[in-house]
Amino acid sequence: MDACAARRSAGYWFMRTTGACPLTFSRSLLIRPPGTRFAFRPSDAVRPLDVAMTHNGNVKDHSAMKTIKCGLLPGESRSVVERINEPLRVYLERCLRTPVELVVGHNYVATGEALRRGELDLAYLGPVTYILQSRDADLEPFARPTHGGRIGPTFQAAIIVPMNSPVQSLAQLRGGEIAMGDLVSTSGTWVPRLMLLEAGLTQDRDYVRRTLGAHDAVAAAVAERKVAAGGLSLPVFRRLLAEGRVDGESVRLLAESPPIPEYMWTFREGLDEDQRETLREAFLDLRDPAALRAFRAVSFIPAVDADVDRMRNWMERILQARIRPSVTGQTAESPTSIAAVAG
């Protein structure tokens, strides 16, 4: 029995023993003379999708509830992102008793901007996307995946090279073209840039960045020897190998990043408090293996803004490296927009 079914079962027992109304029974059960108890009949429970009790005891009519829109970043092709997140959509519909739609942005900024403008109700944002969008909106992170053990709520980026490349260290990539993902991808661009910076390489001065948008596109470019190396999410790289979408004989791992704070499910500004509480509960109660598989998670745990402070510090280091005087003596302007920061 999943968490949603367990709550419904508990609600049925509570009604039978106390006369109170559970979360999922019909309107006829909500109207009774003061001081009386319900006389439950099986026919009273034939419309389980019509109403729900909010966390503060108010009743919501599901027939009037709008579709919940969940934003997802296009870390891979739209069809792949939708496929691997479909079990989560089904789970949320079952818990919320209202339609749930997955919305995959055409790039990372599009998903973040849609959440900031209120076109999405919640979105699964990487640390960099969240940091940039939360500067101009009161976004609330509320859940993040944890992988258990020593890994916890973190993941890693990787830099890969063609299998027969002579490169054995990041420093040896000097002068090469390096493929990366979306401009504001945490593990597809920003953390690989940090890894290269720590090896003494600065973008544009010591290597050329080739932006390909998605992790699978980066892996394909490296496998086909179109670039000297590529930066991408380590979990995605491993999944691409496991699924046979990248030939393991054509690429090899050159370097792994330190642990990165995990992505966070984030509410838009102005979302109804009852909806926030219901969504928060659904994620924190999630134990469905199929829904968790897309996140490689054992569960979701609470998330707060400070969880991505490590990434803020890394971004600052990268940006400071950009504005240092170059060999020509010129200094880049301080970035003020998302486009400037991403560049």
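Everything here concerns the structure above.
So, here's what we can say about the structure.

Observations concerning the pairing of strand β9 (residues 177-181)
Both faces of the sheet carry side chains from a regular strand, because those side chains alternate between them.
Phase 1 of the analysis: Of all 5 residues in β9, 4 are buried; the element is thus mostly enclosed.
Phase 2 of the analysis: Inspection of the sheet shows β9 paired to strand β10 (residues 208-213) by 5 bridges, in the parallel sense. Paired with Gly181 across the bridge in β10 is Gly213.
Phase 3 of the analysis: Tracing the backbone out of β9, into helix α5 (residues 186-198) and back to the parallel element β10 gives a crossover that is right-handed.
Phase 4 of the analysis: In terms of strand pairing, β9 meets strand β11 (residues 229-233) through 2 bridges, oriented parallel. Following the sheet pairing, Ile178 is matched in β11 by Ala229.

Remarks on unusual backbone geometry
What is expected of a backbone is that most residues other than glycine have negative phi and most peptide bonds are trans.
Phase 1 of the analysis: With phi around 60°, Arg97 is a residue other than glycine that occupies positive phi space.
Phase 2 of the analysis: In this fold, Arg97 is placed in the loop between α2 (78-96) and β4 (100-104).
Phase 3 of the analysis: Phi at Arg296 takes a positive value of approximately 55°, unusual for a residue other than glycine.
Phase 4 of the analysis: Considering the arrangement of structural elements, one finds Arg296 in the loop between α9 (289-293) and β15 (299-302).
Phase 5 of the analysis: The class for Arg296 is partly exposed, based on a relative accessible area of 40%.

Thresholds applied
- Residues numbered from 1 in each chain as written.
- Predicted model: local features only at pLDDT ≥ 70, side-chain atom pairs only at ≥ 80, totals over all residues.
- Heavy atoms only, no water.
- Buried < 20%, exposed > 50% of the residue type's maximum accessible area, 1.4 Å probe, protein only.
- Helix = DSSP H or I, 4+ residues; strand = E, 2+ residues; numbered from the N terminus.
- Pairing = 2+ DSSP bridges.
- Right-handed = clockwise from strand over helix to strand, strands pointing away.

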